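Notes for the structure review
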Amino acid sequence: MLEVYERSPAAAADNIHDKVVLDHLQRERGRFKAESAGGEEVRMFLERGRTLKVGELLKTRCGKYLQVTGAEEDVVEASTDDPLLFSRACYHLGNRHTKVEIGEGWLRMTPDHVLEEMLRELGLKTHRCRAVFVPEPGAYARGGHGH
């Protein structure tokens, strides 16, 4: 079993022992069990409130390094070539506190038939697929807000 208590600098990249494949919900947690790509049990004991990034390195208690890899998961991808329409869609999803990954003219979110219908009614094209989901960290990712 590998126990992780700390994040590591990129300089350790030459010494990666294994990878740990995590979905977006697992990457948000500080304490959980997982399995490495090589089949070893991994227990995470990291500070809470700081999302793991895809590609980030973690140091185990025994000095081995693990790299965080994003797991493919079910997502909805919506797209448009119209920047104003795209901005409106992002606004409406943000107004509903929906986790969204944003690219150039496309966005991804977890499947939700009501929100998918809203996006189609706005004029975006939508389709379901499997992809690594890396949502925006949000306005308060670096700390709380004053109320």
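Structure: above.
A brief structural summary. This is a predicted model, so every value here is computed, not measured.

Inspection of the entire model under this criterion finds eleven salt bridges. A salt bridge links Glu3 to Arg61; the shortest N-O distance between them is 3.0 Å. In this pair, Glu3 is assigned in strand β1 (residues 2-8) and Arg61 in the loop between β5 (57-60) and β6 (65-70), connecting sequence segments 58 residues apart. We classify Glu3 as buried; its relative accessible area is 17%. Here the salt bridges do not stand alone but share partners, grouping Arg7, Glu47, Arg50 and Glu56 into one network.

The next thing to look at is the sheet that holds β5. In space, the six strands of this open sheet follow the order β2-β6-β5-β1-β4-β3, with mixed pairing throughout. Single-partner strands in this sheet number two, and they are β2 (16-22) and β3 (31-35). Pairs of neighbouring strands in the sheet enclose a mean axial angle of 35 degrees, with direction left out of account. Sheet topology note: the β1/β5 ladder contains four bridges and is antiparallel. Residue pairing in the sheet places Val4 in a bridge with Thr60 of β5.

Each regular strand carries side chains that alternate between the two faces of the sheet. The buried count for β6 comes to five of six residues, which makes it a mostly enclosed element. Taken together, the six bridges between β2 and β6 define a ladder with parallel strand orientation. Within β6, the residue paired with Asp18 across the bridge is Leu66. Where β5 and β6 come together, three bridges link them in antiparallel fashion. Residue pairing across strands places Lys59 opposite Tyr65, the latter belonging to β6. Hairpin geometry of β5 and β6 is characterised by an intervening segment of four residues between the two adjacent antiparallel strands and by a positive phi of about 90 degrees at Gly63.

A word on the environment of Ala71. Inspection of the secondary structure assignment puts Ala71 in the loop between β6 and β7 (72-79). In the structure, Ala71 is positioned 60 residues away from Ala131 in sequence and 7.7 Å away in space, judged by C-alpha atoms. The contact partners of Ala71, leaving out residues within four places of it in the chain, are Val21, Leu22, Asp23, Arg27, Ala131, Val132 and Phe133.

Criteria and thresholds
Residues numbered from 1 in each chain as written. Predicted model: local features only at pLDDT ≥ 70, side-chain atom pairs only at ≥ 80, totals over all residues. Heavy atoms only, no water. Salt bridge = Lys/Arg side-chain N within 4 Å of Asp/Glu carboxyl O. Helix = DSSP H or I, 4+ residues; strand = E, 2+ residues; numbered from the N terminus. Buried < 20%, exposed > 50% of the residue type's maximum accessible area, 1.4 Å probe, protein only. Pairing = 2+ DSSP bridges. Axes fitted to C-alpha atoms, helices over the stretch in contact; angles between N-to-C directions. Contact = heavy atoms within 4.5 Å.

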